[in-house]
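Commentary on secondary and tertiary structure
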Amino acid sequence: MKNLMQTETLTDLQLELLRTFSRQVSDDDVLAIRKMLADYFADKATNLADKATNLADKAWERNGWKTEDTLRLVLEHNRKSMI
């Protein structure tokens with residue numbers, strides 16, 4: 001666990017945001033910027049989820065899997081013991 005007094009280096013994005021917003025901004029602007037960033041990352045996550053869903057759909061079609069196969073795969077235990 002890191003010491004609370006330790007600092008980490010800032011990312012390129014954090015540095016760019018600091019440079020961009022080096023002046024005082026209103027509370028309304030802060031909320032608008034926060035929403036814009038949240039929307040951006042939510043869209044990015046949605047796109048990744050859509051891509052994963054499309055890949056899974058292709059695997060289902062390629063393998064000819066049906067609803068019964070889905071249930072079997074959900075209940076299947078595939079983890080390997082680390083011992």
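Everything discussed here concerns the structure shown above.
Now for a quick tour of the structure. Quick caveat, the model's predicted, so the values are computed rather than measured.

Time to look at the overall build of the chain. Regarding its fold elements, the chain presents 3 helices and 0 strands. Secondary structure elements in the chain, listed N-terminal to C-terminal, are α-α-α. Over its C-alpha atoms, taken along the principal directions, the chain stretches across nearly 60 × 35 × 20 Å. Across the 83 residues that make up the chain, the buried fraction comes to 5%. Total accessible area on the chain is roughly 8400 Å²; 59% of this is exposed by carbon and sulfur atoms. Positive and negative side-chain charges of the chain, numbering 13 and 14 respectively, have mean locations separated by a distance of 7 Å.

Turning our eyes to something else, we now look at the pattern of salt bridges. Evaluated as defined, the whole model comprises 4 salt bridges. The closest approach of N and O atoms between Asp69 and Arg72, which form a salt bridge, is 3.7 Å. Here the residue Asp69 and the residue Arg72 both occupy positions in helix H3 (residues 67-75), the gap between them amounting to 3 residues, near one helical turn. Bridged by salt links that share partners, the residues Asp69, Arg72 and Glu76 form one connected network.

Definitions and cut-offs
Residues numbered from 1 in each chain as written. Predicted model: local features only at pLDDT ≥ 70, side-chain atom pairs only at ≥ 80, totals over all residues. Heavy atoms only, no water. Helix = DSSP H or I, 4+ residues; strand = E, 2+ residues; numbered from the N terminus. Buried < 20%, exposed > 50% of the residue type's maximum accessible area, 1.4 Å probe, protein only. Areas by Shrake-Rupley, 256 points an atom, 1.4 Å probe, with all protein chains shown as cover. Lys, Arg positive; Asp, Glu negative; His and termini not counted. Charge placed at Lys NZ, Arg CZ, Asp CG, Glu CD. Salt bridge = Lys/Arg side-chain N within 4 Å of Asp/Glu carboxyl O.

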